[in-house]
Amino acid sequence: MASSGGVARTLCRLYYRFSVCRQCQRQVPNLSKTNRFAVSTRLYSEQRSTHFGFETVSEDEKTEKVYKVFENVAQKYDVMNDAMSLGIHRLWKDALMHLMSPTPGTLLLDVAGGTGDISFRFLDYIRSRQDREARRDTLSRQSASWQEITEAYQPGQSDTQGGVQAVVCDINKEMLKVGRQRAADRGYGTGLSWVVGNAEELPFDNDKFDFYTIAFGIRNVTHIDQALQEAHRVLKPGGRFLCLEFSRVSNPLLSRVYDAYSFQLIPVLGEVIAGDWKSYQYLVESIRRFPDQEEFKAMIEDAGFFKVQFHNLTGGVVAIHSGFKL
């Protein structure tokens, strides 16, 4: 029979071999301080829940489910955008670009930009602006020789890093695959870079980009506050954050029509066009779970941005939020 001293020593060894996680109250191995924190954090994250549309899931599960949604819809993503918005999404994206008003030599990071819509518009806007400037310069050289005019008029040139003007970053490889193919089909041979990356942990250095855009993507992020902090980190001082996202309709009549259209028609379109009812049901639900204009504005300010504003489009169906890093 073990002595009371032996029992005490055994209990003591067990006590120092395990400790209790202060976050989730589960027993974890008594490892080094660093390893114990890592194990405790992992166990805690397993316990935390979030929303996936109207469904409550763990944070890890949401990440996997969102990835699967966009993996499923990648091939039909642009067709469905046209069908769901009746083509109006093109006007919303054009409005984003005009608000941005980029100049030649600026560098864009387009997060969750998989199929390239925003980056293509960015390149077109830059090149159009370069052409206009070149034409004005040519007109100012009326007394110059034809050779001097020809040398001066070289549209489409860029002085950005290695010819790259826009970096498309998306966590989903299938979306990027579609984007690369679209770029090739449309003749965007230069000026673009495609990177697999998570909005919550961007694979870029500090103070790197002039503009950060995210269009219809931030509501799918598990930790929106963390994504906003990352946006602030990678922007240069003076850089601008712009987010185009579904928002809150204020007009009661328009809101009722919009809800009926969203819940009754969009999933049906998803089934008919993309063969995927569930993914588009999630997309509709995720819009309703996203913060309204004022709440999201406050979140952007909390991330460190200044002069934060929002512009409602189509009665608040979508909104463009913008802010500057000082």
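> I keep staring at the sheet that holds strand β7 (residues 192-196) and nothing clicks. Help me out?
Hydrogen bonding along the main chain pairs the strands of a sheet, whether they run parallel or antiparallel. With respect to topology, 7 strands assemble into an open sheet ordered β7-β6-β5-β8-β9-β11-β10, the strand pairing being mixed. Every other strand in the sheet has two partners, leaving β7 and β10 (306-313) as the edge strands with one partner each. Ignoring which end each strand starts from, the neighbouring axes of this sheet average 15 degrees apart. Where strand β9 (residues 235-246) meets strand β11 (residues 318-324), 7 bridges bridge the pair, whose relative direction is antiparallel. By the bridge assignment, L242 is partnered in β11 with S322.

> Mind showing me how you'd approach the packing of helix α11 (residues 266-274) against helix α12 (residues 277-289) here?
Direction vectors running N to C along α11 and α12 enclose 145 degrees, while the axes themselves pass 8 Å from each other. Here α11 and α12 pass one another in a crossing that is right-handed. Residues I266, P267, V268, G270, E271 and A274 of α11 form the contact with α12, whose own contacting residues are W277, Y280, Q281 and V284. A breakdown of the residues in the contact of α11 with α12 according to their chemical character gives 7 nonpolar, 2 polar and 1 charged.

> Honestly, the pattern of salt bridges in this entry has me stumped. Any pointers?
One side chain can pair with another of opposite charge once the charged atoms of both are near each other. Counted according to the given criterion, the structure contains 12 salt bridges. The partner of D117 in a salt bridge is K93, and the shortest N-O contact between them spans 2.7 Å. Highlighted residues: D117 in helix α6 (residues 117-139) and K93 in helix α5 (residues 88-100), separated in sequence by 24 residues. As far as burial versus exposure is concerned, D117 and K93 are alike and both buried. A salt bridge links E245 to R219; the shortest N-O distance between them is 2.7 Å. On the criterion of sequence distance, the pair formed by E245 in strand β9 and R219 in the loop between β8 (209-215) and α9 (224-234) is long-range, its members being 26 residues apart. Judged by its relative accessible area of 2%, E245 falls in the buried class. One network of salt bridges, with partners in common, ties together D78, K93, D94, D117, R121 and R182.

> Just checking my understanding: could you explain the pairing of strand β5 (residues 108-111) for this structure?
A regular strand carries its side chains on alternate faces of the sheet. Side chains L108 and D110 project from β5 onto one buried face, and the interleaved L109 and V111 project onto a second face that is buried too. As defined by bridge partners, β5 adjoins strand β6 (residues 166-170) across 4 bridges and the pair is classed as parallel. Considered in β6, the bridge of V111 is made with C169. Sheet topology note: the β5/β8 ladder contains 4 bridges and is parallel. From the neighbouring strand, L109 faces β8, where its bridge partner is Y212.

> I tried to follow the packing of aromatic side chains on my own but got confused; where do I start?
The relative placement of two aromatic rings is captured by the distance of their centres and the angle of their planes. Considering all chains together, one arrives at 8 aromatic pairs under this definition. Ring plane angle 85 degrees and centroid distance 6.1 Å describe the contact between W92 and F246, whose orientation is recorded as edge-to-face. Separated by 154 residues along the polypeptide, W92 in helix α5 and F246 in strand β9 bring together distant segments of the chain. Accessibility assignment for this pair places W92 and F246 in one class, buried. Residues F216 and F246 carry aromatic rings whose centres are separated by 4.8 Å and whose planes lie at 40 degrees to one another, so their mutual orientation is tilted. In this pair, F216 is assigned in the loop between β8 and α9 and F246 in strand β9, connecting sequence segments 30 residues apart. The two residues F216 and F246 agree in class, both being buried. In textbook terms, an aromatic cluster arises when at least three aromatic residues are bridged by ring pairs, as seen for W92, F216 and F246.

How each quantity is defined
- Residues numbered from 1 in each chain as written.
- Predicted model: local features only at pLDDT ≥ 70, side-chain atom pairs only at ≥ 80, totals over all residues.
- Heavy atoms only, no water.
- Pairing = 2+ DSSP bridges.
- Helix = DSSP H or I, 4+ residues; strand = E, 2+ residues; numbered from the N terminus.
- Axes fitted to C-alpha atoms, helices over the stretch in contact; angles between N-to-C directions.
- Left-handed = near helix turned anticlockwise from the far one by under 90°.
- Contact = heavy atoms within 4.5 Å.
- Nonpolar A, V, L, I, M, F, W, Y, C, P; charged D, E, K, R; others polar.
- Salt bridge = Lys/Arg side-chain N within 4 Å of Asp/Glu carboxyl O.
- Buried < 20%, exposed > 50% of the residue type's maximum accessible area, 1.4 Å probe, protein only.
- Phe/Tyr/Trp six-rings, centres within 6.5 Å; stacked < 30°, edge-to-face > 60°.

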